[in-house]
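One letter stands for each residue in the lines below.
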Amino acid sequence: WYVYGASISALLHKQFPKGSSFDILPFSGAVGNMRLLEQGEANLALGFTVMANWAHKGQHAYKKAMPNLRGLIGKMDQYFLAVAVRKDAGIDSIDQIVKEKKPLSWVTVPVGGGGEFSSRRLMAHYGFSYDALKGWGGKVQNTGFGAIRSQMKDGRAQIVSHTVPDGPPSMTEI
């Protein structure tokens, strides 16, 4: 998304008066970006179409409707929820995690990111939550991809989940 942001910023700089500024904010995410727009902390933001629709209607991740949101561009990518498990974790399915109450260290992106929210929805679909995982002796860490890669590589984390396009370098490296 930073590449999209930088590219859009470069295009806008050509169309706006000299002195206009466009900042690429290094925080928030698909869920949080809608809140930044609603609160007037950003004028333009990237997001997932489905999450922008939820924000507009006040559903799921959003407690109140945000009727002033408007979409400008869509269908730039197709995203999936990717889940990767270390081979030595001995996990073959999400069902197995729940059935065996596996005390895993699960990593995903910070709260506000689409991957984090989607990870919680995945867990809810399978009948567990962050708290349940912690109750089994596991933990959830919300962090950036540098830490995620490092923790998955050295075994401090056994499972990662995030929303990604097809063939993402971030997940391929893991």
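Relevant structure appears above.
If you're wondering where the values come from, they're calculated on a predicted model, not measured in any experiment.

## Topic: helix H2 (residues 30–38)
Okay, so step 1: For H2, every residue scored as buried is listed here: Ala30, Val31, Gly32, Asn33, Met34 and Leu36.
Okay, so step 2: Packed against the buried residues of H2 are helix H3 (49–57) and helix H5 (114–125).
Okay, so step 3: Following H2 by one or two positions, glycine 40 adopts a phi angle in the positive range, close to 75°.

## Digging into unusual backbone geometry
Most peptide bonds take the trans configuration, and most residues that are not glycine carry a negative phi.
Okay, so step 1: In the Ramachandran plot, histidine 60 falls in the positive-phi region, its phi being about 55° despite a non-glycine side chain.
Okay, so step 2: Tracing the sequence through the fold places histidine 60 in the loop between H3 and strand E1 (79–85).
Okay, so step 3: Overall, the relative accessible area of 48% leaves histidine 60 in the partly exposed class.
Okay, so step 4: Although it is not a glycine, lysine 101 adopts a positive phi angle of roughly 50°.
Okay, so step 5: Its location among the elements puts lysine 101 in the loop between helix H4 (94–100) and strand E2 (105–108).

## Quick word on the nonpolar core
Okay, so step 1: Counting 14 residues, the largest nonpolar core has Ile97, Trp106, Met123, Phe128 and Leu133 as its most contacted members.
Okay, so step 2: Contacts of phenylalanine 128, omitting those with residues within four sequence positions, involve Ile94, Ile97, Val98, Trp106, Met123 and Trp136.
Okay, so step 3: Core analysis: the next-biggest nonpolar cluster, separate from the first, contains 12 residues, Phe48, Met51, Trp54 and Leu69 among them.

## Section: the pattern of salt bridges
Okay, so step 1: By the definition in use, this model includes 6 salt bridges.
Okay, so step 2: A salt bridge links glutamate 38 to lysine 64; the shortest N-O distance between them is 3.7 Å. On the criterion of sequence distance, the pair formed by glutamate 38 in helix H2 and lysine 64 in the loop between H3 and E1 is long-range, its members being 26 residues apart.
Okay, so step 3: Given a relative accessible area of 26%, glutamate 38 falls into the partly exposed group.
Okay, so step 4: Residue classification places lysine 64 among the exposed positions, given a relative accessible area of 53%.

## What about the sheet that holds E2?
Okay, so step 1: The sheet built from 4 strands is open, its strands ordered E1-E4-E2-E3 with mixed pairing. The open sheet is flanked by E1 and strand E3 (139–142), the only strands paired with a single partner. Geometrically, the sheet is characterised by an average inter-axis angle of 20° between neighbouring strands, direction not taken into account.
Okay, so step 2: In terms of strand pairing, E2 meets E3 through 4 bridges, oriented parallel. Bridged to serine 105 within E3 is lysine 139.

## Looking at a nonpolar patch on the surface
Okay, so step 1: A contiguous nonpolar patch, built from Leu44, Leu72, Ile73 and Met76 and spanning about 430 Å² of accessible area, is present on the exposed surface.
Okay, so step 2: Mapped onto the secondary structure, leucine 72 falls in the loop between H3 and E1.
Okay, so step 3: Residue leucine 72 is classed as exposed on the basis of its relative accessible area, which comes to 69%.

## What to know about the packing of H2 against H3
Okay, so step 1: Interhelical geometry of H2 versus H3 gives an angle of 40° and a closest axis separation of 9 Å. Taken together, H2 and H3 sit at an angle that is classed as oblique. Here H2 and H3 pass one another in a crossing that is right-handed. Contacts between H2 and H3 pair Ala30, Val31 and Met34 from the former with Met51, Ala52 and Ala55 from the latter.
Okay, so step 2: Residues of the contact of H2 with H3, tallied by class, amount to 6 nonpolar, no polar and no charged.

Rules of the game
- Residues numbered from 1 in each chain as written.
- Predicted model: local features only at pLDDT ≥ 70, side-chain atom pairs only at ≥ 80, totals over all residues.
- Heavy atoms only, no water.
- Buried < 20%, exposed > 50% of the residue type's maximum accessible area, 1.4 Å probe, protein only.
- Helix = DSSP H or I, 4+ residues; strand = E, 2+ residues; numbered from the N terminus.
- Contact = heavy atoms within 4.5 Å.
- Core = buried A, V, L, I, M, F, W, Y, C linked by side-chain atoms within 4.5 Å.
- Salt bridge = Lys/Arg side-chain N within 4 Å of Asp/Glu carboxyl O.
- Pairing = 2+ DSSP bridges.
- Axes fitted to C-alpha atoms, helices over the stretch in contact; angles between N-to-C directions.
- Patch = residues over 30% accessible without salt bridge, like charges linked within 9 Å, V, L, I, M, F, W, Y side chains within 5 Å.
- Areas by Shrake-Rupley, 256 points an atom, 1.4 Å probe, with all protein chains shown as cover.
- Parallel < 35°, antiparallel > 145°, perpendicular 65-115°, else oblique.
- Left-handed = near helix turned anticlockwise from the far one by under 90°.
- Nonpolar A, V, L, I, M, F, W, Y, C, P; charged D, E, K, R; others polar.

Shape descriptors only; they carry no functional weight alone.
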